[in-house]
Amino acid sequence: MSDWNTSIIEEFRANEGRVGGPFEGAPMILVHHRGRKTGRNLVIPLMYMQDENDPGTVYIFASKAGAPTHPDWYHNLIAAGQAEAEIGTETFPVTVTEVTGADRDRIYTEQATRYPGFAEYAEKTAGIRTIPVLALHRV
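Residues numbered from 1 in each chain as written. Predicted model: local features only at pLDDT ≥ 70, side-chain atom pairs only at ≥ 80, totals over all residues. Heavy atoms only, no water.

Here the focus is the pairing of strand 3 (residues 57-61). Counting buried residues in strand 3 gives 5 out of 5 residues, a clear majority hidden from the surface. Burial along strand 3 is two-sided: Thr57, Tyr59 and Phe61 and Val58 and Ile60, pointing in opposite directions, are all buried. Strand direction decides the pairing type here: strand 2 (residues 41-50) and strand 3, joined by 3 bridges, are antiparallel. Bridging from a neighbouring strand, tyrosine 48 pairs with isoleucine 60 of strand 3. Following strand 2, the chain reverses through 6 residues before pairing antiparallel with strand 3. (Buried < 20%, exposed > 50% of the residue type's maximum accessible area, 1.4 Å probe, protein only. Helix = DSSP H or I, 4+ residues; strand = E, 2+ residues; numbered from the N terminus. Pairing = 2+ DSSP bridges.)

Put into C-alpha cells, the structure is as follows:
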C-alpha cells in the first residue's frame, strides 16, 4: 500500500494535484498528519468533496476501501484535531472535525452518488462499521 500511495503522491505533485488511473478526474487531496503512536510525519492521498456552501471546508471519507476497520489515518486525525492539506499546488493548515448524524449521512450519500465505489464500500461495511466522514476546515 505504501508504494501505491507513494506513486499517487508523486503523480499528484508532478501534475498540480491531478492523477490518472482509477482517480482520473476525481478531486484529490494529500493529507499531512502525524502518527499518534509513532510520531512520524505521514501523507495520505484521498478523494475529497468540497462543501457546497463553504469554500474553506472539504470532506474526506475513512472508507479504507470497505475494510472492517477504520484506517489508521482516521485515528491520527481525530487524536490531533489538526493537519495540513495539499490541494493542487497549495498546502495549508486545517482543523479536523468528525461529521455525524444526518449531516454525515447526507454528505456520504452525495459522495456515493458522485463516485459509486463509495456505495460499494458502505455495502461492504454494513452492520460492521459506519464509514466516518471528516470535515477539514481551512485555518
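Here the narrative resumes.
Two numbers describe how helix 3 (residues 101-114) lies on helix 4 (residues 117-125): the axes approach to 6 Å, and their chain directions differ by 125°. Comparing the axis directions of helix 3 and helix 4 gives the class oblique. Between helix 3 and helix 4, the residues in contact are Tyr108, Gln111 and Ala112 and Phe118, Ala119, Tyr121 and Ala122, respectively. (Axes fitted to C-alpha atoms, helices over the stretch in contact; angles between N-to-C directions. Parallel < 35°, antiparallel > 145°, perpendicular 65-115°, else oblique. Contact = heavy atoms within 4.5 Å.)

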